[in-house]
Amino acid sequence: MTQPSANAIIADDEEPMRDMLRKRLSEVWPELNIVAEAANGIEAIALAGKHQPDIVFLDIRMPGLSGIEAARMLFNRCHVVFITAYDQYAIEAFEQGALDYLLKPVNAERLKVACTRLQARLGKQPDNIERQLSQLIRQTTGKPEREYLHWIQAQVGNSLRMISTREILFFRADEKYTRVQTLQGEVLIRKTLKELAEELDPNEFWRIHRSTLVRVDAIAEVTRDLRGRQMVRVRNSQEELEVSRGNTHLFQQM
Amino acid sequence: MMGGRTRNALNFVREVGETASSLWWNFFDWLAQVPMRQLVVTWVLALLLATTPIIHPKQAGFFIFVSLGLKILAGGKRKAEIEARKASAQAGTETLERRLVEAQMAALQAQVEPHFLFNTLALIGQLIETDPPEAAKIHTHLIEYLRSTLPQMRSRGNGTLGRQIQMSRSYLAIMQARMKSRLSVSIDVPPELESATFPGMTLQILIENSIKHGLEPKIEGGRIDIRASMDNNVLQVEVQDDGVGFNMYSGDGVGLTNVRERLKLMYGTRASLAIETPLEGGCRAIIRLPFAPDIFAKPL
């Protein structure tokens, strides 16, 4: 039985993987023309626009755009088959969501099944997979609603040093600059305390004063001085940080 | 009846004895711990009291004589005891902490990234058909990589810079086979620094970070440079890439935390990890630690 002919594009960032898939396809479906090969998601979309293929084989992890994002941008204009070596979430989603997928290394039996399915659907309109894809994007990227600043950039000598917020004890406004106190010492940055207060995780740093942001789990003790002001002392630092009147509720007795 | 009264009397005697002995030991403890200056003050007080009819001067003299003798005998021993107890308590918490951190480290290190493993196996599978000698080479590299990454397989003498570089070469060779022209690598480590002790896996974590977060997401790929140098007995190891750069909103990550903890555990404040973003782009990670050659290391 001769098989119908069709055009296809292969997209995978790893060349040996493209070679393997092309070879396997030529064995199980000799009539299929591989009209182009893409090495990343953006290239895959561009080539799909140019060649208008019937089928696109998309690797999931690619630079530029992931295979899932690329598939979404093809707007159901062609049949999509995903390829992956290991993507726990994606595979689960594929099994639930009737999306076609292949596991690397692609085995001939499995490829044959996928090809037979594709052949049966060739003349028809590709399934609308938009809903499954957007769900998949949410699952695989797994981004929290809000992202906080975890690194502070500071000019040290000739280069920009990245300081993890975990290493920072407190920030203090210092005229035009903000002073960043770490275990190793201090650096000055241009970012204002107001900007920092907005970008940092409010559970990680507390604003105890107009000019002070302190790392919560670095606090060693809170005392009262003779004038009744609350003073915060931080581990590994001698400096006393004043708590302004409006913020004393932070340290109320439980 | 008689038996009961005898028992009561015996109990009374025992209680008196116990009270006396506990008083005596309290006095002994006090004497052992009291600072010499306070003891002298007590003696002066005793001498003053001796001038009044309350205490006979002979009693005061006896008290001073006995307490001085006891102080000399007991003080040193007691002090040593207390210090030993304190030290062993501290050592206890330290070992406990160390063990906890080591267990955490082991757990973290056991994570060979499944994505890496599956992709590499897929590559070997494909090369077996098209290029068997290349497949054998990659296969050997993978074994070398797993041997040094999986904790239960980690062999002794892994703790030198030379050994770390060797295993990273295996990893990079695999990544080059997969990424082809998208990845170039340069390693510049003077041979005399290869015997330096270097905490296991730290270099590998930095390299994997560079590839995963810097170069793999970059369409045209890029290069990774690994350099080691020594200045004033401080060993400096650098991993630099020209990848997509640093995401300030991404967490510290398991890897970098692991490196930082490990350095703190082994060297305290004498070692450091710095992350920089060079002006020309990409990312540079620098580890500095005291140089110490591992004299037990087997030559490579």
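Quantities reported herein were computed from a predicted structural model and do not represent experimental measurements. (Residues numbered from 1 in each chain as written. Chains lettered and ligands numbered in written order. Predicted model: local features only at pLDDT ≥ 70, side-chain atom pairs only at ≥ 80, totals over all residues.)

> Mind laying out the overall build of chain A, listing which residues take part and the relevant values?
Of the regular secondary structure elements, chain A holds 7 helices and 15 strands. Going through the 254 residues of chain A one by one, you find that 36% of them count as buried. If you take every contact in chain A between residues at least 6 apart in sequence, the share linking residues at least 24 apart comes to 54%. (Helix = DSSP H or I, 4+ residues; strand = E, 2+ residues; numbered from the N terminus. Buried ≥ 20, exposed ≤ 12 C-beta atoms within 10 Å, placed from the backbone. Contact = placed C-beta atoms within 7 Å.)

> If you had to explain the sheet that holds strand β15 (residues 240-243) of chain A to someone new, which residues and values would you point to?
Residues and elements named next belong to chain A. Read from one edge to the other, the open sheet built from 3 strands follows the order β13-β14-β15, with strand pairing classed as antiparallel. Strand pairing shows two members of the sheet lacking a second neighbour, β13 (219-224) and β15, which therefore form its edges. Averaged over all pairs of adjacent strands, the angle between their axes in this sheet comes to 30°, without regard to strand direction. As judged from the 5 bridges shared by β13 and strand β14 (residues 230-234), these two strands associate in the antiparallel manner. In the strand pairing of β14, isoleucine 219 is matched with valine 234. (Pairing = 2+ DSSP bridges. Axes fitted to C-alpha atoms, helices over the stretch in contact; angles between N-to-C directions.)

> Mind laying out the confidence of the model for chain B, listing which residues take part and the relevant values?
If pLDDT is low for a region, its predicted coordinates should not be looked at in detail. Taken over all residues, the pLDDT of chain B has a mean of 83, while the share at 70 or more is 87%. Scored as a complex, the prediction yields pTM 0.69 and ipTM 0.71. (pLDDT = per-residue confidence, 0-100.)

> Describe the nonpolar core, with residues and values.
One finds Ala11, Ala44, Val56, Phe57, Leu58, Val81 and Val214 of chain A to be the most contacted residues of the largest nonpolar core, which totals 100 residues. It is helix α6 (residues 161-179) of chain B that contributes the most residues to this core, 9 residues altogether. Once you skip the residues sitting within four places of it in the chain, phenylalanine 57 of chain A turns out to touch Ala8, Ile10, Ala11, Leu21, Val81 and Ile83 of chain A. (Core = buried A, V, L, I, M, F, W, Y, C linked by C-beta atoms within 7 Å.)

> How would you explain the packing of helix α5 (residues 132-149) of chain B against α6 of chain B if you had to name every residue and give the values?
Angle between the axes and distance between the axes: these two values describe a pair of packed helices. All names here are of chain B. The geometry of α5 relative to α6 is characterised by a closest axis approach of 8 Å and an angle of 135° between their N-to-C directions. The orientation of α5 relative to α6 falls into the category oblique. Here α5 runs over α6; the crossing is left-handed. In this structure, α5 uses Ile138, His141, Leu142, Glu144, Tyr145 and Ser148 to contact α6, whose residues at the interface are Met167, Ser170, Tyr171, Ala173, Ile174 and Ala177. A per-class count over the contact of α5 with α6 returns 8 nonpolar, 3 polar and 1 charged. (Parallel < 35°, antiparallel > 145°, perpendicular 65-115°, else oblique. Left-handed = near helix turned anticlockwise from the far one by under 90°. Nonpolar A, V, L, I, M, F, W, Y, C, P; charged D, E, K, R; others polar.)

> How would you summarise the interface of chain A and chain B if you had to cite specific residues and measurements?
The interface is formed by 26 residues belonging to chain A together with 29 residues belonging to chain B. When residues of the side of chain A that touches chain B are traced back to their parent elements, those giving at least two are α1 (15-28), β6 (151-156) and β7 (159-164) of chain A. Here the residues of the side of chain A that touches chain B sort into 13 nonpolar, 6 polar and 7 charged. For β7 of chain A and strand β4 (residues 272-277) of chain B, the ladder comprises 3 bridges, and the chain directions are antiparallel. Across the sheet, residue leucine 160 of chain A finds its bridge partner in β4 of chain B, namely threonine 277 of chain B.

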